[in-house]
Amino acid sequence: MTAPSHTTVGIVGAGPAGLLLARLLHNAGVNCVVLESRDRAYVEQRQRAGILEQSTVDVLRASGAGERLDREGIPHEGIELRFDRRSFRVDFPALTGGRRVWVYAQTEVVKDLIALQLADGAPLFFDTEVLAVEGPDTDSPVIRYRRDGVERTLTCGYVVGCDGFHGVTRRAIPEGVLRTYERTYPYSWLGILADVAPSCDELIYAHSPRGFALHSMRSETVSRLYLQVPNGEDPQDWSDERIWDELDARFAVDGDWRLARGPITSKAVLPMRSHVTEPMRFGRVFLAGDAAHIVPPTGAKGLNLAAADVVVLARAFTHLKESGKTDLLEAYSDTCLKRVWRAEHFSYFMTTTLHTDPEQSPFTTRLQLSQLDRIATSPHAAAEVAENYAGLTIG
Ligand code: RFL
Ligand code: PHB
């Protein structure tokens, strides 16, 4: 199939943001085309997020992509915080008026959305690299792309950059207009997948003198775990035994909890970063998801923010189609940035409260422990964590 030369909404990138936007637009009868540089297998296998907020689940269900999620997703009603060899459970429904989250991997969300899109949706082209987005402040911006070694163009009514942090769409916004806010962290995560039943029913976020650790899961037989490691660490330097020993040490609590070990099937080191691009719209070019903002993964917010952006955008395009009005499109950036900055703050808070900076003073460690103790003893402090984690209704 060859790509058309014109469409209403040109979408760059088939990650969760691009795919969900395409589904929502398809359902609303708005034409679009999705161009993705990687092949389908790569996009479907990329290991990333694991936690969906209630509102993300609601949107996926309403869009028609909830069938397998409802069968295989695991609802979670809390998380466990470990510190000082003790543990505290943050109870989401009790603290938020009934909200919860779902364990359902990003790989599965992406597979479900791709299957729907290829079955009846708008054109979706893999192995198609977007080279540039041109004319953002004209009535018909153009996407320049390469497919099968040939350069072509797609003329659009609007372009949405869902092309992640390293994408090209952001470059279409002139430097004088663009503002970026950034923070890097002096540590990374070593993430593993292991063929072993999770040793917990809910996720465990652990503060320890040896650094942060997180116990997550993918299914009843597959565990996902993360360890704070120095930046630039080589996963090859981490034997399976070293990883399990370190996880054991960091999750240690008084009492008889045990971490089950099993074969490790994947190891990767992931950098941590906070980044916001403002504005998220220039003329007829929009940014959504990681293309506009990055959060460190400690708050489990990235995928949920991407979904929230495209819901706002799909609503704005539907409104344009129905009323001819562009007011919601014009408000897009301001509407999204409110939620984005809240998630930035929460992700920063979770990250800096739970990790150990290599230069950290004993004073800062005492502050972290005091903050964690506050969450464990004050329902108000715990509710602040629960509301942010389970998802706020903004925008
Ligand atoms: P993506 O997923 O990066 O997709 C962008 C797509 O654009 C394509 N692309 C291009 N296509 C055409 N032409 C070009 N020039 C292109 N340049 C790029 C790419 O190939 C890709 O397919 O961005 P999107 O859609 O905005 O989705 C964002 C999420 O992927 C991300 O925020 C989350 O994974 C973050 N995240 C988590 N989020 C959560 O909500 N809950 C979690 O539990 C959670 N855990 C995580 C995470 C991210 C992690 N890493 C790897 C940073 C755990 C980890 C370890
Ligand atoms: C995951 O399961 O991959 C995961 C869960 C929670 C996080 C980050 C990653 O905060």
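These numbers come from a predicted model, not from an experiment.

What exactly am I supposed to notice about the packing of aromatic side chains here?
By convention here, two paired aromatic rings are described through the distance between centres and the angle between planes. Taken as a whole, this structure holds 13 aromatic pairs when the rule is applied. Geometrically, the ring pair formed by Y181 and W341 is edge-to-face, given 5.5 Å between the ring centres and 80 degrees between the ring planes. Taken as a pair, Y181 in strand β12 (residues 179-194) and W341 in helix α9 (residues 327-354) lie far apart in primary sequence, 160 residues in all. Considering the side-chain rings of Y205 and Y389, the 5.9 Å spacing of their centres and the 85 degrees angle between planes classify their relative orientation as edge-to-face.

Help me understand the site of ligand 1 in this model?
Around ligand 1 there are 35 residues in total, and E36, R46, Q106, D290 and L303 lie nearest to it. Residue R46 places a side-chain N or O atom 2.7 Å away from an oxygen atom belonging to ligand 1. Within the contact set of ligand 1, an oxygen atom lies 2.7 Å away from a side-chain nitrogen or oxygen of Q106. The leading source of residues in the shell around ligand 1 is helix α8 (residues 302-323), at four residues.

Sorry, what's going on with the packing of α9 against helix α11 (residues 379-390) here?
Two quantities define a packed helix pair, namely the angle between the helix axes and the distance between the axes. At a closest axis distance of 10 Å, the pairing of α9 and α11 adopts a crossing angle of 120 degrees. Relative to α11, the element α9 is oriented oblique. As α9 packs across α11, the resulting crossing turns out to be left-handed. Packed against α9, whose contacting residues are R342, F346 and F349, the element α11 presents E384, V385, N388 and Y389 at the interface. Among the residues forming the contact of α9 with α11, the class breakdown is four nonpolar, one polar and two charged.

Calculation notes
- Residues numbered from 1 in each chain as written.
- Chains lettered and ligands numbered in written order.
- Predicted model: local features only at pLDDT ≥ 70, side-chain atom pairs only at ≥ 80, totals over all residues.
- Heavy atoms only, no water.
- Phe/Tyr/Trp six-rings, centres within 6.5 Å; stacked < 30°, edge-to-face > 60°.
- Helix = DSSP H or I, 4+ residues; strand = E, 2+ residues; numbered from the N terminus.
- Near = heavy atom within 4 Å.
- Polar contact = N/O pair within 3.5 Å; in protein donor to acceptor, adjacent residues only side chain to side chain.
- Axes fitted to C-alpha atoms, helices over the stretch in contact; angles between N-to-C directions.
- Parallel < 35°, antiparallel > 145°, perpendicular 65-115°, else oblique.
- Left-handed = near helix turned anticlockwise from the far one by under 90°.
- Contact = heavy atoms within 4.5 Å.
- Nonpolar A, V, L, I, M, F, W, Y, C, P; charged D, E, K, R; others polar.

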